[in-house]
Amino acid sequence: MDRPPRKEASMADVARLAGVSSQTVSRVSNGHAMVSEETRERVLTAMKELNYRPNSAARALKSGKFRTLGVILFTLATTGNVRTLEAISASAADEGYAITLLPVATPTSTGVRGAVTVLGEQVVDGIIVIMEVRLLDAAISLPPHTHVVVADSDAGDRYSVVDTDQSGGARAAVRHLLDLGHRTVVHVAGPPESFAAQRRAHAWRQTLEEAGRPVPPPVEGDWSAASGYEAGLTLAADPSCTAVFAANDQMALGVLRALQEQGRRVPDDVSVVGFDDIADSASFLPPLTTVHQDFAEIGRLCVDGVLRQIRNETTERGTTLVPTRLVVRGSTAPPPPS
């Protein structure tokens, strides 16, 4: 004969076994400080004995806090997005929060607002938007009273934004090559709709102009190693090209391969600098000089910013820039003798 299913223990059952009130059990479940250690141990022992599991969903509905953050992004195909998402996830976990990821297929304001609505229905406490590209239809516009932080954007006049110091990193890369004695620097740029690509290209151009150096036409890529390879084939055919600043490490990898195949030695004939400092960049041949981004700090600041909004500690707008640093390796050297 089948036994009837065992009834799950209730808060009242725990209270009776521990000899306390249901309110005290609730306080222990929620980690409330106003409970003596002796009482807390009695309640925890009773919970274990009865196999009692607090109803986190009910607590969340009662408190209005779900300990979940929503993350909106447009693609997982780029190194920057993946590492930013990884850092956000780790920082959220450190704070006791989970994340709900919602990719948006088309970068439009309507798409972002729709994603915010969906995340609202899935009961998140706040939202982080990784917005690495300019929207196709309009500037980002989110519903009022949304706890939100935006990563990699120019929306600092309307929202709290966290971004890498893209301009500072690009300037350091170009100055490094000029200081080595190169007459000018060719830029392999990222896609024009990317905020990061725009800032890096602008800083490259401005640094050359301020130094009174000629500004060669940039070669446009799409962040991929394949596009860097195509750019590298073009640059290898130009004997006047002795220094290249690629807007990310993947394109720099493609440039290195193309130069090698065409008989242009790196760094003896051409110096190459990347941007991102991905984990494999030190293993390129030669090891790549590049601009290091602190993705862990970006993730921490995004999570910290949205949690401070949730706790009503701030409603500040503006942009927080995370510093970069140049990592010099074996892919850069003075130019060959004329």
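Before any of the text, the structure's been laid out above.
In this convention, every chain numbers its residues from 1, walking through the sequence in written order. In keeping with the model being predicted, local features are shown solely for residues with a pLDDT of at least 70 and side-chain atom pairs are shown and tallied solely at 80 or more, while totals for entire chains, interfaces and linings include all residues. Derived side-chain values reflect all non-hydrogen atoms in the structure, with water molecules and hydrogen atoms excluded from consideration.

**With respect to the overall build of the protein chain**
Numbering of helices and strands runs from the N terminus; a helix is a DSSP stretch of H or I covering at least four residues, while a strand is a stretch of E covering at least two. In terms of regular secondary structure, the protein chain is built from eleven helices and twelve strands. Exposure classes here rest on a 1.4 Å probe applied to the protein chains alone. A residue is buried below 20% of its type maximum, exposed above 50%, and partly exposed in between. By residue count, 48% of the 338 residues in the protein chain fall in the buried class. Excluding contacts between residues fewer than 6 apart, the proportion of contacts in the protein chain whose partners are at least 24 apart in sequence is 72%. Only the protein chains shown count as cover for residues, with accessible areas throughout obtained via the Shrake-Rupley method and a probe of 1.4 Å. Total accessible area on the protein chain is roughly 16,900 Å²; 51% of this is exposed by carbon and sulfur atoms. Pairs of residues are marked as contacts when any of their non-hydrogen atoms sit within 4.5 Å.

**Looking at the sheet that holds strand β5 (residues 160-164)**
Two strands are said to pair when DSSP picks up at least two bridges between them. In space, the six strands of this open sheet follow the order β2-β1-β3-β4-β5-β11, with parallel pairing throughout. Every interior strand has two partners, whereas the edge strands, β2 (98-103) and β11 (318-322), have only one. On average, adjacent strands in this sheet sit at an angle of 20° to one another, irrespective of strand direction. Along the sheet, helix α11 (residues 295-310) contacts β1 (68-73), β3 (126-130), β4 (148-151), β5 and β11; its crossing angle with β4, the most-contacted strand, is approximately 160°. An axis is simply a line fitted to the C-alpha atoms; with a helix, the fit covers only the stretch in contact. Between two such axes, the angle follows the N-to-C directions and lies from 0 to 180 degrees.

**Some details on the packing of helix α1 (residues 11-18) against helix α2 (residues 22-29)**
At a minimum axis separation of 8 Å, α1 and α2 run at an interaxial angle of 105°. Considered as vectors, α1 and α2 are oriented roughly perpendicular to each other. Taking contact as the criterion, the partners of M11, A12, V14 and A15 in α1 are, on α2, S22, V25 and S26. Its residues assigned to classes, the contact of α1 with α2 shows five nonpolar, two polar and no charged. Throughout this description, any angle smaller than 35 degrees is read as roughly parallel, any larger than 145 degrees as roughly antiparallel, any in the 65 to 115 degree range as roughly perpendicular, and the remainder as oblique. Residue classes follow a fixed rule: Ala, Val, Leu, Ile, Met, Phe, Trp, Tyr, Cys and Pro count as nonpolar, while Asp, Glu, Lys and Arg count as charged, and any other residue, Gly among them, counts as polar.

**A look at the environment of N81**
Following the sequence through the fold, N81 ends up in helix α5 (residues 79-94). Here the alpha-carbon distance between N81 and D152, two residues 71 residues apart in the chain, equals 9.5 Å.

**Re the pattern of salt bridges**
In what follows, salt bridge is the name for a side-chain nitrogen of Lys or Arg lying within 4 Å of a carboxyl oxygen of Asp or Glu. Throughout the structure, instances matching the rule amount to twelve salt bridges. Residues R40 and E37 are paired through a salt bridge, measuring 3.6 Å at the closest nitrogen-oxygen approach. Note that R40 and E37 are positioned in helix α3 (residues 37-50) at a spacing of three residues, about one turn of the helix. Exposure remark for R40: the relative accessible area of 15% places this residue in the buried category. According to the relative accessible area criterion, E37 is exposed, its value standing at 52%. In this structure, R199 engages D163 in a salt bridge whose closest nitrogen and oxygen atoms are separated by 3.1 Å. Taken together, the residues R199 in helix α8 (residues 195-210) and D163 in strand β5 connect sequence positions 36 residues apart. The class of R199 is partly exposed, set by a relative accessible area of 22%. Residue D163 is classed as buried on the basis of its relative accessible area of 4%. Within this structure, R265, D268 and D269 form a network of salt bridges that share partners.

**A word on the nonpolar core**
As used in this record, nonpolar core signifies buried Ala, Val, Leu, Ile, Met, Phe, Trp, Tyr and Cys residues forming a set joined through side-chain atoms within 4.5 Å. Grouped together as the largest cluster of nonpolar side chains are 23 residues, with contacts concentrated most on V188, L235, V244, L259 and V272. Sorting the residues of this core by element identifies β6 (186-189), α9 (225-236), β8 (243-246) and α10 (249-261) as the ones contributing at least two each. Leave out the neighbours within four places in its chain, and L235 touches V186, V188, V219, C241, V244 and R264.

**Some points on the packing of helix α7 (residues 166-179) against α8**
In the contact formed by α7 and α8, the axes pass within 8 Å of each other and the chain directions differ by 40°. By the angle class used here, α7 and α8 are oblique. The element α7 and its partner α8 pack so that their crossing is right-handed. Contacts between α7 and α8 involve Q166, S167, A170, R171, V174, R175 and L178 from the former and A196, R199, R200, A203, W204, Q206, T207, L208 and E210 from the latter. When its residues are assigned to classes, the contact of α7 with α8 shows seven nonpolar, four polar and five charged. Crossings are classed by handedness, with left-handed meaning an anticlockwise turn of the near helix from the far one by less than a right angle and right-handed meaning a clockwise turn.

**A word on the environment of G212**
Relative to the helices and strands, G212 is located in the loop between α8 and β7 (219-220). Residue classification places G212 among the exposed residues on the basis of a relative accessible area of 63%. Between the C-alpha atom of G212 and that of R183, which follows or precedes it by 29 residues, the distance is 9.9 Å.

**Some details on the packing of aromatic side chains**
The geometry of an aromatic ring pair is captured by two quantities: the separation of the ring centres and the angle between the planes. Note on aromatic pairs: the rings of Phe, Tyr and Trp (six-membered ring only in Trp) are paired at centre separations within 6.5 Å, and the planes decide the class, stacked below 30 degrees, edge-to-face beyond 60, tilted for the rest. If you walk through the whole model with that rule in mind, you get zero aromatic pairs. We note R200 situated over the ring of F275; from NZ or CZ to the ring centre the distance is 3.8 Å. Throughout this description, the term charge over a ring refers to an Arg CZ or Lys NZ atom that lies within 6 Å of the ring centre and within 35 degrees of the ring normal. When the ring centre of Y229 is taken as reference, the NZ or CZ atom of R257 above it lies at 4.3 Å.

**Concerning the side chain of H292**
If you trace the backbone, H292 turns up in strand β10 (residues 289-292). At a separation of 2.8 Å, a polar atom in the side chain of H292 contacts the side chain of D277. Not counting residues up to four positions away in its chain, the partners in contact with H292 are D276, D277, T324, R325 and V327. In the analysis that follows, any N or O atom pair within 3.5 Å is treated as a polar contact, provided that within protein one partner can donate a hydrogen and the other can accept it, and provided that, for residues neighboring in sequence, both atoms belong to side chains.

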